[in-house]
Amino acid sequence: MTDNINTIVELLGQQRVVAYPTEAVFGLGCDPDSESAVSELLSIKQRSWEKGLILIAADYEQLKPYVDDTALTQAQREAVFSRWPGPITWVMPARPTTPKWLTGRFDTLAVRVSDHSQVRTLCNAFGKPLVSTSANLSGLEPCRTVQAVREQFGEDFPVLIGQVGGRQNPSEIRDALTGMLFRQG
């Protein structure tokens, strides 16, 4: 366990899975470009790769290598940006080069620009977005404290010490092309 952001960034660079506070719960994250790290994260979560994953970022520029920005109209882009940074996840068309371990069986990718200061600091220090899924083992409640992460994942699991943002619900998920609501926030 660590509270040093530089150590967390170093672990991410070593393709390790880490936990960090987000707007509502602790997230599990890793380098989105590392198939082995994503596989480890999916194994920990007991989650099928087919479901796809969320990327969380400090800003939209970090997400552009993964999403097909040209598929969005100016009005769609403005709708997305009017809700960012914040706890809204948008499903966008993925670039053809975006790995299937991120998109799953879809040709889209769920992405979010967070307003949580530690997420933004972590993504900026790492230089790119992180995979983000709730920190909990299958069937258990998502972790909202460092202690809960320790209880579910063990004392040695790397955790960025901090507080969640106080939201009660996970992020809202919407389709960037249609505005359709997939999950209420």
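Residues numbered from 1 in each chain as written. Predicted model: local features only at pLDDT ≥ 70, side-chain atom pairs only at ≥ 80, totals over all residues. Heavy atoms only, no water.

Named according to an unreviewed UniProt entry, the protein is Threonylcarbamoyl-AMP synthase originating from Leminorella richardii. The annotation that UniProt attaches to the protein under Catalytic activity (unreviewed entry) is "L-threonine + hydrogencarbonate + ATP = L-threonylcarbamoyladenylate + diphosphate + H2O". (UniProt positions renumbered as here; feature names shortened; annotations may be inferred.)

Thoughts on the nonpolar core
One broad rule of soluble globular proteins: the nonpolar side chains tend to lie buried together. Of all hydrophobic cores here, the largest spans 39 residues; its most connected members are L28, W84, M92 and F157. Every element with two or more residues in this core is listed here: strand 2 (26–29), helix 2 (35–45), strand 3 (54–57), helix 3 (60–63), strand 4 (88–93), strand 5 (108–113) and helix 7 (146–153). Considering every element that reaches this core, the biggest residue donor is helix 2, with 5 residues. Non-local contacts of W84, meaning those with residues more than four positions away in its chain, are made with Y60, L63, W90, M92, V111, R112 and V113. Residues L12, V18, Y20 and I56 belong to the second largest nonpolar core, which totals 14 residues. (Core = buried A, V, L, I, M, F, W, Y, C linked by side-chain atoms within 4.5 Å. Buried < 20%, exposed > 50% of the residue type's maximum accessible area, 1.4 Å probe, protein only. Helix = DSSP H or I, 4+ residues; strand = E, 2+ residues; numbered from the N terminus. Contact = heavy atoms within 4.5 Å.)

Some details on the pattern of salt bridges
Per the stated rule, a full pass over the model turns up 8 salt bridges. Here D33 and K128 are joined by a salt bridge, their closest N and O atoms 2.8 Å apart. Here D33, found in the loop between strand 2 and helix 2, pairs with K128, found in the loop between helix 6 (117–126) and strand 6 (130–134); they are 95 residues apart in sequence, far enough to count as distant. When its relative accessible area of 38% is taken as the criterion, D33 is described as partly exposed. Taken together, the shared-partner salt bridges in this structure form one network comprising D31, D33 and K128. (Salt bridge = Lys/Arg side-chain N within 4 Å of Asp/Glu carboxyl O.)

Points about the side chain of Q76
Its place among the elements puts Q76 in helix 4 (residues 74–81). A relative accessible area of 16% places Q76 in the buried class. Of the polar contacts made by the side chain of Q76, one reaches the backbone oxygen of L177; its length is 2.8 Å. Other than its neighbours up to four places away in sequence, Q76 contacts A71, A176 and L177. (Polar contact = N/O pair within 3.5 Å; in protein donor to acceptor, adjacent residues only side chain to side chain.)

Focus on the sheet that holds strand 4
Taken together, 8 strands build an open sheet; the order of strands is 1-2-6-3-5-4-7-8 and the sheet is mixed. Pairing within the sheet leaves two strands with one partner each, and these edge strands are strand 1 (18–21) and strand 8 (181–183). Neighbour to neighbour, the strand axes of the sheet diverge by 40 degrees on average, direction disregarded. The pairing of strand 1 with strand 2 spans 4 bridges and is classified as antiparallel. The partner of V18 across the bridge, within strand 2, is G29. (Pairing = 2+ DSSP bridges. Axes fitted to C-alpha atoms, helices over the stretch in contact; angles between N-to-C directions.)

A short note on helix 1 (residues 5–13)
For helix 1, the full list of buried residues reads I8, V9, L11 and L12. Within helix 1, the buried residues cover an arc of 160 degrees as seen down the axis, which keeps them to one side. Across from the buried face of helix 1, at angles greater than 90 degrees, the exposed residues are N6 and E10. The elements touched by buried residues of helix 1 are strand 1, strand 2, helix 6 and strand 6. Between the side-chain oxygen of the N-cap and the backbone nitrogen of N6 there are 2.7 Å, and the N-cap of helix 1 in question is N4. (Arc of directions from axis to C-beta.)

Digging into the pairing of strand 3
Burial of the side chains of strand 3 extends over both faces: I54 and I56 are buried on one face and L55 and A57 on the other. Sheet analysis places strand 3 next to strand 5, joined by 4 bridges and oriented parallel. Bridge assignment links A57 to a residue of strand 5, and that residue is V113. Pairing analysis gives 3 bridges linking strand 3 to strand 6, with the strands arranged antiparallel. Residue L55 lies in a different strand from strand 6, and its bridge partner there is V131.

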